[in-house]
Amino acid sequence: MGTKLIIDTDPGVDDALAIALAALSPDVDLLGVTSVFGNVPLDRTTSNARRLLELFGRADVPVAAGAARPLVYSKPRDAKEVHGGDGLSGHSYTLPEATRPLEERDAVRLMLDLLEAADEPVTIAPIGPLTNIAALLAAHPGAAAKIARLVIMGGGVTFGNSTTAAEFNIWSDPESARRVLVEEDVPVVLVPLDLTHRCAVDADWLAKLAASGPIGATLEGLTSTYRQHYTRVFGEDRMVMHDAVAVAEAISPGILHTETYRVDVDCGLGPARGQTLVDRRRLGEDDPQFSPGRPIEVAMDTDLDGLRGFVLDRLTGAAR
Ligand code: RIB
Ligand code: CA
C-alpha cells in the first residue's frame, strides 16, 4: 500500500477535488478525514466531508470534527462568496447522505489515534485553516514523531487572496499557522497561491471530468459558484484547484518542485495580518538577521500540464 494519509479540510469546492484525488487513488491509504471551520462553518464542512466520501464510495474512512473557530481571535468572515453558501456552490444536495456516523472522537483525538496505530509515519495534508494541526501538536507533542510530512495548502510568496497580503487558510488563523510553520519541527511542504494559481484548469479539463462518469459529473456540478469566482479573478474561464495541488504532492512526492526557505507569519492586527513572509535572502544559518523558525520546503514550480493530467487521470479513473 502507498501513502498513509490524513486530510484536514474545510470543504469547499477545491477541497472536494482534493479529497476525491486521495479517495479515488488506489495507491493511497486514506486513514481519516478531519474537518475544520473555514470556507463555511464547521457544521457544513463536516457534513460536506462525510457526504463527499459517501459519493466516492469511501464510507470506510472515518470523519471527525475539529475546531469551529480560530485559536485566539474570532474569525471575521468565511468564503461563502467564493464557494457558495453551503460550501459547494449550493449543490451539496446532489451528494448522497452519509451512511457512516460522524466519529464521536474529535479531530485531534482521531488524528492522534491514527498516528499511534500506524506502523509507519503518516502524511497529513492540511487544506484549511491550521487550527486542528496546531492543537494536535500543542496537546500531544509526541505525535510529531509519527508525522512523515505536513503538506499544507496555504500562504503566498508574492500575493494574498483574502487580503492583498494574506492567503485564506493562513489569514483565518495566523497564530495557529505560525505555531505550525515557525515553532514546530515537523517536515513541512507549503503549497502557496503563487503555484496553485498557475495550475488553474480550463473548461476542457472540467468537461472531461464531467464526462467521466457519475462521480465526475457530480464533482463538476459542485464547481459553478467557485468557477465563476475564478473567471472573474482571471478574466477568462479558469478555475484554481488549490487543495488538489497540495494533495497531489502528498500522494506523489516530488510532483511539485520545492525550494527551502524560512517562513514567518504576521500575527499582528494590521493590514498584513496572516501574511506569510518567505525569507529568500541568502544568509548564513546563524545570521542574526535570519527569520525565526526552521527551513521548510516551499513549492515553487511543477510541470503544469503534467500536474493537471495527473489529477484528471486519478479523478476520472484513467489511472485506475
Ligand atoms: O486560499 C485557498 C484556500 O482557502 C483553499 O484551501 C480553499 O479551499 C480555501 O480554504
Ligand atoms: Ca480548503
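Further up the page is the structure itself.
Being a predicted model, the structure only gives us computed values, none of them experimental. (Residues numbered from 1 in each chain as written. Chains lettered and ligands numbered in written order. Predicted model: local features only at pLDDT ≥ 70, side-chain atom pairs only at ≥ 80, totals over all residues. Heavy atoms only, no water.)

## Examining the environment of V63
Then step 1. Within the secondary structure, V63 is located in strand β3 (residues 63–65).
Then step 2. A residue is classified by how much of its surface remains accessible, and V63, at 3% relative accessible area, is buried.
Then step 3. C-alpha of V63 to C-alpha of R281: the two residues are 218 residues apart in sequence and 41 Å apart in space.
Then step 4. Setting aside anything within four residues of it in sequence, one finds V63 in contact with V33, T46, A49, R50, L53, L102, E103 and L110. (Helix = DSSP H or I, 4+ residues; strand = E, 2+ residues; numbered from the N terminus. Buried < 20%, exposed > 50% of the residue type's maximum accessible area, 1.4 Å probe, protein only. Contact = heavy atoms within 4.5 Å.)

## Some details on the pairing of strand β5 (residues 147–153)
Then step 1. In terms of burial, β5 is largely enclosed, as 6 of its 7 residues are buried.
Then step 2. Of the strand pairs in this sheet, strand β4 (residues 122–126) and β5 are connected by 3 bridges, and their pairing is parallel. Paired with T123 across the two strands is R149, which belongs to β5.
Then step 3. The parallel pair β4 and β5, bridged by helix α5 (residues 131–139), forms a crossover whose chirality is right-handed.
Then step 4. Judged from the 4 bridges that link them, β5 and strand β6 (residues 188–191) form a sheet pairing that is parallel. Along β6, the bridge assignment pairs I152 with L190. (Pairing = 2+ DSSP bridges. Right-handed = clockwise from strand over helix to strand, strands pointing away.)

## Here we look at the side chain of T218
Then step 1. Following the sequence through the fold, T218 ends up in helix α10 (residues 214–220).
Then step 2. T218 sits in the buried class, given a relative accessible area of 18%.
Then step 3. A polar contact is formed between the side chain of T218 and the backbone oxygen of P214, at a distance of 2.8 Å.
Then step 4. Residues in contact with T218, not counting those within four places in the same chain, are L55, T94 and L95. (Polar contact = N/O pair within 3.5 Å; in protein donor to acceptor, adjacent residues only side chain to side chain.)

## Some thoughts on the coordination of the calcium ion (ligand 2)
Then step 1. Protein coordination at the calcium ion (ligand 2) comes from D10 (OD), D15 (OD), D15 (OD), I127 (O) and D243 (OD), with a distance range of 2.2 to 2.6 Å.
Then step 2. Sequence positions of the residues that donate to the calcium ion (ligand 2) give the spacing D-x4-D-x111-I-x115-D. The two residues D10 and D15 agree in class, both being buried. (Donors = N, O, S within 2.8 Å, 3.2 Å for Na, K, Ca; no water.)

## Regarding the packing of α5 against helix α7 (residues 174–183)
Then step 1. Put simply, α5 and α7 touch, their axes get as near as 8 Å, and they point 55° apart. Judged on the interaxial angle alone, α7 and α5 are oblique. As α5 packs across α7, the resulting crossing turns out to be left-handed. For the pair α5 and α7, the contacting residues are T131, I133, A134, L137 and A138 in the first and S176, R179 and V180 in the second.
Then step 2. Tallied by class, the residues present in the contact of α5 with α7 amount to 5 nonpolar, 2 polar and 1 charged. (Axes fitted to C-alpha atoms, helices over the stretch in contact; angles between N-to-C directions. Parallel < 35°, antiparallel > 145°, perpendicular 65-115°, else oblique. Left-handed = near helix turned anticlockwise from the far one by under 90°. Nonpolar A, V, L, I, M, F, W, Y, C, P; charged D, E, K, R; others polar.)

## With respect to the pattern of salt bridges
Then step 1. Counted under the stated rule, the structure contains 22 salt bridges.
Then step 2. Close ionic contact of D29 with K4 constitutes a salt bridge, the shortest N to O distance being 2.9 Å. In this pair, D29 is assigned in strand β2 (residues 28–35) and K4 in strand β1 (residues 3–9), connecting sequence segments 25 residues apart. Like K4, D29 is buried. (Salt bridge = Lys/Arg side-chain N within 4 Å of Asp/Glu carboxyl O.)

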